[in-house]
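Structural features, examined
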Amino acid sequence: MLDTRKGEALLAVLDSGSFEQAAALLHLTPSAVSQRVSALESELGMPLLVRSKPCRATRAGQRLVQYLRRSRLLEAEFMAESADSDAHPLSIALAVNNDTLATWLLPGLASFLIEEQILLDIALDDQDHTYTLLSQGAALAGVSSEAQPMRGCTVARLGAMRYRLLATPAFAARWFPDGLQREAARRAPVMVFDRKDALQAVFLLRELGLPAGSYPCHFIPSSDAFTQAVRLGLGYGMVPEQQFRDDIDKGALVDLAPGKPTDVMLYWHAWRVQSPKLERLSARLIEVTRAALRQPA
């Protein structure tokens, strides 16, 4: 049987990134936290942490963290149901992509979260990388573009987020007076979320044969600020349809590649053995996406 205090010490180090910050969270000394983690490693006969800055889990540590987070959720849910639920809200760690958080996730789940007394602990990353957060034990469930489930997990197809390559009319007139052309695209500034964001790069390589790095880029790591930058004419980029709404109909934005949208299929990953509240959250989220995302025929 794993010692609860040692498991909490391991989670605190990984969540905070260091023994010093973990000690502050647990109201212990850094030495005491280190002793608990070292004792757990000795008992299991394997290293669980890479003692870097920040600290990170080894492969064995990732598997243990997955187990510890699920165990902690089940225990917390049991305690909440055994007492006043208003005084014991349940925290659930989810991994989601930035555009999901900025558009449909919270409006779709808000009433459910309030009713069920659930606190969200959200880890953000690109939809191609949220799967890694799950495998590392940083989340109990999440939204990802990966279709294959991890061992011990289930996966459900949610639907597609549709992106269109947008710019202001003034930007299009300045940089693409003859339409989206290869040579013009070498000079026109592109909006990119961060260096993990491949939407623009994949499109420009596929449609114009332009490799990444052959055109100027703005890097704006905020979904709302990204869309705002496009509306301000700073550059052109892929915007999800939930964010541009009726901007095209009003003439505020133009589609630089009509008839060539990019659909990103999203999937919901969760552990096969879930807590009852996480099961209900999963069911609600899948239901919400029937209307929030594009469903394949």
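Counting starts from 1 at the beginning of each chain's written sequence and moves along it residue by residue. Under the rules for a predicted model, residues below a pLDDT of 70 receive no local features and side-chain atom pairs below 80 are neither given nor counted, while totals for whole chains, interfaces and linings still include all residues. Based on all heavy atoms of the structure, the side-chain values leave hydrogens and waters out of the count.

1. Digging into unusual backbone geometry
For residues that are not glycine, phi is negative in most cases, and the peptide bond is trans in most cases. Worth spelling out the cut-off: Helix and strand definitions follow DSSP, with helices as H or I runs of at least four residues and strands as E runs of at least two, each counted in order from the N terminus. Buried means the residue's accessible area, taken with a 1.4 Å probe over protein chains only, is under 20% of the maximum for its type, while exposed means over 50%, and partly exposed covers the values in between.
Note the cis peptide between K53 and P54, where omega equals 0 degrees. Among the secondary structure elements, P54 is positioned in the loop between β1 (49-50) and β2 (56-57). With phi around 45 degrees, R245 is a residue other than glycine that occupies positive phi space. Along the chain, R245 falls in the loop between α12 (241-244) and α13 (247-250). Owing to a relative accessible area of 63%, R245 belongs among the exposed residues under this scheme.

2. Quick word on the UniProt feature "domain: HTH lysR-type" (unreviewed entry) in the protein
We count it as follows: UniProt positions are given in the numbering used here, feature names are shortened, and annotations may be inferred rather than shown by experiment.
According to UniProt, the positions carrying the feature "domain: HTH lysR-type" (unreviewed entry) are residues 2-58. Note that residues 2-58 is 63% helix and 7% strand, and that its end C-alpha atoms are spaced 18 Å apart.

3. Quick notes on the packing of aromatic side chains
Here the distance between the centres and the angle between the planes together describe a pair of aromatic rings. So the rule is basically this: Planes of paired rings set the category: under 30 degrees apart is stacked, over 60 is edge-to-face and the rest tilted, where pairs are Phe, Tyr or Trp rings (Trp by its six-membered ring) whose centres lie within 6.5 Å.
Scanning all chains against the criterion turns up 4 aromatic pairs. Aromatic pair F171 and W175: ring centres 6.1 Å apart, planes at 40 degrees, arrangement tilted. A residue pair is termed a helical-turn pair when its members lie 3 or 4 positions apart in one helix, as F171 and W175 do in helix α8 (residues 169-175) at 4 residues. Considered together, F171 and W175 belong to a single accessibility category, that of buried residues. Where F171 meets Y236, the ring centres are 5.9 Å apart and the plane angle is 45 degrees; that geometry is what we call tilted. A residue pair is termed long-range when its members are at least 10 positions apart, and F171 in helix α8 and Y236 in the loop between α11 (223-231) and β9 (237-240) qualify at 65 residues. Using a relative accessible area of 4% as the deciding quantity, one classes F171 as buried.

4. Focus: the environment of H129
Mapped onto the fold, H129 is located in the loop between β4 (118-124) and α7 (130-135). Its relative accessible area of 28% is what places H129 among the partly exposed residues. Taking the C-alpha atoms as reference points, H129 and E146, separated by 17 residues in sequence, lie 8.6 Å from one another.

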